[in-house]
Amino acid sequence: MRTTVGIIGAGPAGLLLARLLHNAGIDSVVLEGRDRAYVEQRQRAGILEQGTVDVLREAGVAERMDREGLPHDGIELRFDKRRHRVDFPALTGGRSVMVYAQTEVCKDLIALQLAEGGPLLFEAEALAVEGAETESPRVRFRHEGREDVLDCDYVVACDGSWGVGRKAVPADVSQVFERTYPFGWLGILADVAPSHDELIYARHDRGFALLSMRSPSVSRAYLQVPEGTNADDWSDEEIWDELDRRLETSDGWKLERGPITSKSVTPMRSYVHEPMRHGRLFLAGDAAHIVPPTGAKGLNLAVGDVVTFARALTHRHETGSTELLDAYSQTCLRRVWQAERFSYAMTTMLHRAPDATPFDDRIQRARLDRITASRAAESDLAEGYTGFPLD
């Protein structure tokens, strides 16, 4: 089996890359270790930056997003029972975000790929990337009970933090930068209409809380919990009670409750692998970097990576120049580190560390006060949240 670009992983990054390459007339094959149902059901991100929305529209995969997605022009910050709305368009020259779940993005991309694109193989487990330093790298994989080989000109690993892509980068050229946080997020989905029309980020002495949504009838919410927490240790009533406490305001705002349909705990971690390219192997998305979910950057960073690669390879095909491909890692990492900075700032401003001192608490409040009082500080948050340029 042979193709120009072998793509490992059919998450949003791998699927979008296949679509972008298809639109540019470049063939690819996508290998995904899980079955289609799993890919279309795994719950992940739900906030699309302005740049991601624009890319999906340009790629011809936005019809359902534009029909069912929920455009958001701001977020609300809460602390000390106070409320402050951050108006994105007013602070960024018109930029906003879209609430549209990653599961739905994957469904849309899968349908298009199967209808129009190159091969998309589910339950095709990538075993190794070989020959990355050569002009003919290959991916060994197992599909339908037998091993096979995908010969490529380039391999793009969109296979997450534990995939074979990153393992193919030699240890002596790898640098890893990481930070693990001593808390996680207990996340729920509930069959109840959202209690507010925009996301609420709350800093509270008992810990962070986030009120989000998946649709006009489904709410998504998160609570900061200690690292290692088991979601089953929290009853539904305890979750709603704690959300009530942390989201409380002085103006009588009310949290609507409903049946909780799922709950899980997400660890909080920052991670960057450098470089993001080794020979003809390119890392994208979680294979190269992880951010804590506070800044809603994970999916959007992955989109930035594959857009950068698709533009670079298209430039190579049109001009013969490898300049943009050679700059892939450097180009992506500039954006990655800005997103890591933003996510770190949001996380440390809104979460209370287990060993927090009264000084730490005052600093958090001072940072939030600064945002409410300074247009420059508020603009920095709005620019970071709506997304860094894909150029």
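Residues numbered from 1 in each chain as written. Predicted model: local features only at pLDDT ≥ 70, side-chain atom pairs only at ≥ 80, totals over all residues. Heavy atoms only, no water.

### Looking at the overall build of the protein chain
As a reminder of what qualifies: In DSSP terms, a helix is any run of H or I states spanning at least four residues, a strand is any run of E spanning at least two, and both are numbered starting from the N terminus. The atom set for the radius of gyration is the C-alpha atoms, and the globule formula is 2.2 Å times the number of residues raised to the power 0.38. Working definition: with a 1.4 Å probe on protein chains only, accessible area under 20% of the residue-type maximum means buried, over 50% means exposed, and in between means partly exposed. Should any heavy atoms of two residues lie within 4.5 Å, those residues are considered in contact. All accessible areas in this document rest on Shrake-Rupley with a 1.4 Å probe, and a residue is counted as covered only by the protein chains that are shown. Note that His is not counted, nor are the chain ends; the positive residues are Lys and Arg, and the negative ones are Asp and Glu. Working definition for charges: the position is that of NZ of Lys, CZ of Arg, CG of Asp or CD of Glu.
Within the protein chain one finds 13 helices and 20 strands. Taking 391 residues into account, the globule formula puts the C-alpha radius of gyration at 21 Å, and the protein chain, at 21 Å, falls close to it. Once the C-alpha set of the protein chain is aligned to its principal axes, its extents read approximately 65 × 40 × 40 Å. By the burial criterion, 57% of the 391 residues in the protein chain qualify as buried. Look at the contacts in the protein chain between residues 6 or more apart in sequence, and 71% of them connect residues 24 or more apart. Roughly 16,600 Å² of accessible area belongs to the protein chain as shown, and the carbon and sulfur atoms make up 47% of that amount. Considering the protein chain, the positive charge centre built from 47 side chains and the negative charge centre built from 61 side chains are found 3 Å apart.

### Examining the pairing of strand β13 (residues 175–190)
Note the cut-off: Any two strands with at least two DSSP bridges between them are considered paired.
Two elements, β13 and strand β17 (residues 260–274), share 13 bridges in a ladder whose sense is antiparallel. By the bridge assignment for β17, Trp-185 is matched with Thr-266. One ladder, built from eight bridges, connects β13 with strand β16 (residues 218–226); its direction is antiparallel. In the sheet register, Phe-183 faces β16, and the bridge partner there is Pro-226.

### A few points about the pattern of salt bridges
Condition: Whenever a carboxyl oxygen of Asp or Glu lies within 4 Å of a side-chain nitrogen of Lys or Arg, that contact is scored as a salt bridge.
Using the criterion set out here, one finds 38 salt bridges in the structure. Lys-107 is the salt-bridge partner of Glu-104, the closest N and O atoms lying 3.3 Å from each other. In this pair, Glu-104 and Lys-107 are both assigned in helix α6 (residues 102–116), three residues apart and thus about one turn of the helix distant. Here Glu-125 ties to Arg-142 by a salt bridge, and the two come within 2.9 Å at their closest N and O atoms. Of this pair, Glu-125 sits in strand β9 (residues 124–130) while Arg-142 sits in strand β10 (residues 138–143); the two residues are 17 residues apart in sequence, bridging distant segments of the chain. A relative accessible area of 39% places Glu-125 in the partly exposed class. Taken together, the salt bridges that share partners define one network made up of Glu-63, Arg-64, Arg-67, Glu-68, Glu-104, Lys-107 and Asp-108.

### Digging into the sheet that holds β9
Hydrogen bonds between backbone groups are what pair the strands of a sheet, and the pairing can be parallel or antiparallel. Just so we agree on the cut-off: Note on geometry: axes are C-alpha line fits, over the in-contact stretch for helices, and angles between N-to-C directions span 0 to 180 degrees.
Reading across the sheet, the three strands line up as β9-β10-β11 and stay open at both edges, with antiparallel pairing between neighbours. Strands with a single pairing partner mark the edges of an open sheet, and in this sheet they are β9 and β11 (146–151). Taken over all neighbouring pairs, the strand axes of this sheet differ in orientation by 25° on average, direction set aside. The pairing of β9 with β10 spans six bridges and is antiparallel. The residue of β10 that forms the bridge with Ala-128 is Arg-140.

### Here's the deal with helix α9 (residues 298–319)
Residues separated by three or four positions in an α-helix point in the same direction, a consequence of the helix having 3.6 residues per turn. Formally: The span one expects for a helix is its residue count, reduced by one, times 1.5 Å.
Between its first and last C-alpha, α9 extends 32 Å over 22 residues, near the 32 Å set by a 1.5 Å rise per residue. Residue Gly-320 follows α9 closely and has a positive phi angle near 85°.

### Details of the nonpolar core
Nonpolar side chains in soluble globular proteins generally cluster together in the buried interior. Put simply, the rule is: Residues grouped as a nonpolar core are buried Ala, Val, Leu, Ile, Met, Phe, Trp, Tyr and Cys residues, joined through side-chain atoms within 4.5 Å.
Ranked by internal contacts, the top residues of the largest apolar core, which has 75 residues, are Leu-16, Leu-48 and Phe-309. Looking at which element gives the most residues to this core, the answer is α9, with ten residues. One finds Leu-70, Tyr-222, Ala-377 and Ala-382 within the second-largest nonpolar core, a separate group that totals 32 residues.

### Brief notes about the UniProt feature "domain: FAD-binding" (unreviewed entry) in the protein chain
Going by this rule: UniProt positions are given in the numbering used here, feature names are shortened, and annotations may be inferred rather than shown by experiment.
Annotation from UniProt places "domain: FAD-binding" (unreviewed entry) at residues 2–343. Across residues 2–343, helical content stands at 32% and strand content at 33%; the span's end C-alpha atoms are separated by 39 Å.

### Quick word on the packing of helix α1 (residues 12–23) against α9
What counts is decided by this rule: When describing relative orientation, an angle under 35 degrees is termed roughly parallel and one over 145 degrees roughly antiparallel, while 65 to 115 degrees is termed roughly perpendicular and anything else oblique. The sense of a crossing depends on the near helix, which, turned anticlockwise from the far helix by less than a right angle, makes the crossing left-handed and, turned clockwise, makes it right-handed. Amino acids outside the nonpolar list (Ala, Val, Leu, Ile, Met, Phe, Trp, Tyr, Cys, Pro) and the charged list (Asp, Glu, Lys, Arg) are all regarded as polar, and Gly is one of them.
Viewed as axis vectors pointing N to C, α1 and α9 meet at an angle of 30°, and their least axial separation amounts to 9 Å. For the element pair α1 / α9, the angle class is roughly parallel. The two elements α1 and α9 meet at a crossing, and its hand is right-handed. Where α1 approaches α9, its residues Pro-12, Ala-13, Leu-16, Leu-17, Leu-20 and Leu-21 are matched on the opposing element by Leu-299, Ala-302, Val-303, Val-306, Val-307, Phe-309, Ala-310 and Leu-313. The residue makeup of the contact of α1 with α9, split by class, is 14 nonpolar, no polar and no charged.

### Considerations on the packing of aromatic side chains
Going by this rule: Paired rings are identified among Phe, Tyr and Trp, the last through its six-membered ring, by centres lying within 6.5 Å, and are further divided according to the angle between planes into stacked (under 30 degrees), edge-to-face (over 60) and tilted (the rest). Consider the ring centre and the ring normal. A charge sits over the ring if Lys NZ or Arg CZ is within 6 Å of that centre and within 35 degrees of that normal.
For the structure on display, the rule yields twelve aromatic pairs. Judged by centre distance (5.7 Å) and plane angle (80°), the rings of Phe-177 and Trp-337 are edge-to-face. Of this pair, Phe-177 sits in strand β13 while Trp-337 sits in helix α11 (residues 328–350), placing them 160 residues apart in sequence. For Phe-177, a relative accessible area of 32% puts it in the partly exposed group. Consider the rings of Trp-185 and Phe-208, whose centres lie 5.4 Å apart with planes at 20°: the pair is stacked. You can see Trp-185 sitting in strand β13 and its partner Phe-208 sitting in the loop between β14 (199–203) and β15 (209–215), a full 23 residues away along the chain. Taken together, the aromatic side chains of Phe-88, Trp-185, Tyr-201, Phe-208, Tyr-222 and Tyr-385 make up a single cluster linked through ring pairs. Across from the ring centre of Tyr-385, 5.6 Å away, lies the NZ or CZ of Lys-297, which sits over that ring.

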